[in-house]
Amino acid sequence: MAKPLMAKATAVWLVDNTTISFKQIADFVGMHELEIQGIADGDVAVGVKGFDPIANNQLTQEEIDKAQNNPLHKLKLKFNPAASGEEKRRGPRYTPLSKRQDRPNAILWLVKFHPELADGQIAKLVGTTKPTIQSIRERTHWNISNMQPIDPVALGLCRQSELDSVVQKAAAKKAAEGGVMSDDERRKLVSTEQSLGMETSPRIPTAIEGLENFSLSEPIDTSDDDDDDHGPIVDADSFFNLPKGGDHDEEDDDDPRY
């Protein structure tokens, strides 16, 4: 239900100028019934000037009369044709001047850890423009060498719920397209609470992946040492596979110089 402008000042006017019940006024202005009672007692909204809802085209006298005659009647705002069809302004959100210097770092974080997000989603999330995002993606930004990826939630540029909502939309779109996601991508496309609840598994560097069972040493024989005593005796000649002596060896032995 739509609420009137300057709710507290409107409540002050209704308390001072009508006999409408506190419950009816509280429901109309969106306040608690005890607050309306505090206004009547002079404990709440001290010094607030009443705001006439009739003069400001928010209520009609007929509506007030109905509420005064029937304690169960709920006040309704007067229809304003000028406000019909009014929508929330679309486009990048406003970012305070004190935080605008942190936006490139937040964009770099989103591009690095959530590459599935579209430029339009990032622009609405942190309040930037698509050319800025594109320059950071392509690393052509004028200050790219001094930038560091920082979580936009930690910088105060967006809320965690907003980031999770955008990531969930990206996950749904990825699933609708039928794309196969890796474990890292699946972790990025879930909310923060789900990601923190996942079990951590040890990671193996890709350079040595598949070699975790490789060993340069021979397997150790665990059999008894007594079995080795009954094995064949290997001499030096057979070990090095030396050729048997021939005629040349006999001639060398007869040489008187040796």
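The residue numbers shown here count from 1 along each chain, following its written sequence. For a predicted model such as this one, the threshold for reporting local features is a pLDDT of at least 70, and the threshold for listing and counting side-chain atom pairs is 80 or more; totals across whole chains, interfaces and linings nevertheless cover every residue. Working from all heavy atoms in the structure, the side-chain values ignore hydrogens and water.

Per an unreviewed UniProt entry, the protein goes by the name DUF1013 domain-containing protein and belongs to Ruegeria marisflavi.

Draft legend 1. Expanded view of the overall build of the protein. Secondary structure elements follow DSSP: runs of H or I no shorter than four residues count as helices, runs of E no shorter than two count as strands, and numbering proceeds from the N terminus. Along its length, the protein carries 14 helices and zero strands. Mapped from its N terminus to its C terminus, the protein presents α and β elements in the order α-α-α-α-α-α-α-α-α-α-α-α-α-α. Within the protein, the proportion of its 258 residues that are buried is 27%. Contacts in the protein between residues far apart in sequence, at least 24 positions, make up 57% of those at least 6 positions apart. The rule is simple: take the accessible area with a 1.4 Å probe, protein chains only, and divide by the maximum for that residue type; under 20% is buried, over 50% is exposed, in between is partly exposed. Residue contacts follow a heavy-atom distance rule, with two residues in contact if any of their heavy atoms lie within 4.5 Å.

Draft legend 2. Spatial organisation of the pattern of salt bridges. Here, a salt bridge means any side-chain nitrogen of Lys or Arg that lies within 4 Å of a carboxyl oxygen of Asp or Glu. Following the criterion strictly, the structure yields three salt bridges and no others. Across the salt bridge formed by Asp 119 and Arg 137, the nearest N and O atoms sit 2.9 Å from each other. Of this pair, Asp 119 sits in helix H6 (residues 119-126) while Arg 137 sits in helix H7 (residues 130-137), and the two are 18 residues apart along the sequence. According to the relative accessible area criterion, Asp 119 is buried, its value standing at 19%. Note on Arg 137: relative accessible area 28%, which makes it partly exposed.

Draft legend 3. Fine view of the packing of helix H2 (residues 22-29) against helix H3 (residues 33-41). Between H2 and H3, the shortest axis-to-axis distance is 8 Å and the interhelical angle comes to 115°. By the angle between their directions, the pair H2 and H3 is classed as roughly perpendicular. With respect to the hand of their crossing, H2 and H3 are arranged in right-handed fashion. Here Phe 22, Lys 23, Ile 25, Ala 26 and Val 29 of H2 come into contact with H3, specifically with Glu 33, Ile 36, Gln 37 and Ala 40. Across the contact of H2 with H3, the residue classes tally to six nonpolar, one polar and two charged. Axis angles are defined between N-to-C directions and span 0 to 180 degrees, where every axis is a line fitted to C-alpha atoms and, for a helix, only to the segment in contact. Between 65 and 115 degrees an angle is taken as roughly perpendicular, under 35 as roughly parallel, over 145 as roughly antiparallel, and anywhere else as oblique. Whether a crossing is left-handed or right-handed is set by the direction in which the near helix is turned from the far one by less than a right angle, anticlockwise for left-handed and clockwise for right-handed. Polarity classes work like this: nonpolar for Ala, Val, Leu, Ile, Met, Phe, Trp, Tyr, Cys and Pro, charged for Asp, Glu, Lys and Arg, and polar for all others, with Gly in that last group.

Draft legend 4. Structural detail: the packing of aromatic side chains. Pairing of aromatic rings covers Phe, Tyr and Trp, the last counted by its six-membered ring, and requires centre-to-centre distances within 6.5 Å; plane angles under 30 degrees mean stacked, over 60 mean edge-to-face, and any other angle means tilted. In this structure the tally under the stated criterion is one aromatic pair. An angle of 45° between the planes, with centres 5.4 Å apart, marks the rings of Trp 109 and Phe 113 as tilted. You can see Trp 109 and its partner Phe 113 sitting in helix H5 (residues 103-113), four residues apart, about one turn around the helix. Residue classification places Phe 113 among the partly exposed residues on the basis of a relative accessible area of 32%.

Draft legend 5. Summary view of the packing of helix H1 (residues 7-17) against H2. Taken N-terminus to C-terminus, the directions of H1 and H2 make an angle of 155°; their axes are 10 Å apart at the nearest point. Classified by the angle their axes make, H1 and H2 are roughly antiparallel. In this structure, H1 meets H2 at a crossing whose hand is right-handed. Together, Ala 7, Thr 10, Ala 11, Leu 14 and Val 15 of H1 and Ile 25, Phe 28 and Val 29 of H2 make up the contact between the two elements.

Draft legend 6. Expanded view of the nonpolar core. Formed by 22 residues in total, the largest nonpolar core has its most connected members in Ile 107, Leu 110, Ile 122, Leu 125 and Val 126. Contributions of two or more residues to this core are made by H5, H6, H7 and helix H9 (160-177). Among the elements that line this core, the one with the most residues is H5, at six residues. Filtering out sequence-adjacent residues up to four positions away, Leu 110 remains in contact with Pro 115, Leu 117, Ile 122, Leu 125, Val 126, Pro 152 and Leu 163. Within the second largest apolar cluster, 18 residues are counted, among which are Leu 14, Ile 25, Ala 45 and Leu 75. The term nonpolar core refers to a set of buried residues drawn from Ala, Val, Leu, Ile, Met, Phe, Trp, Tyr and Cys, joined through side-chain atoms within 4.5 Å.

Draft legend 7. Layout of unusual backbone geometry. One non-glycine residue, Ala 45, lies in positive phi territory at about 60°. In this structure, Ala 45 sits in the loop between H3 and helix H4 (61-69). The backbone of Asn 57 sits at a positive phi, close to 60°, despite the residue not being glycine. Checked against the element boundaries, Asn 57 lands in the loop between H3 and H4. On the accessibility criterion, Asn 57 (36% relative accessible area) is partly exposed.

Draft legend 8. Structural view of H7. Among the residues of H7, Ile 133, Ser 135 and Ile 136 are the ones counted as buried. An end-on view of H7 places all buried positions within 160° of arc, on one side of the element. Residues Lys 130 and Pro 131 are exposed on H7 and point more than 90 degrees away from its buried face. Each element contacted by the buried residues of H7 is listed here: H5 and H6. Looking one or two places after H7, you find Arg 139, whose phi comes out positive at around 55°. Directions drawn from the helix axis to the C-beta atoms are what define this arc.

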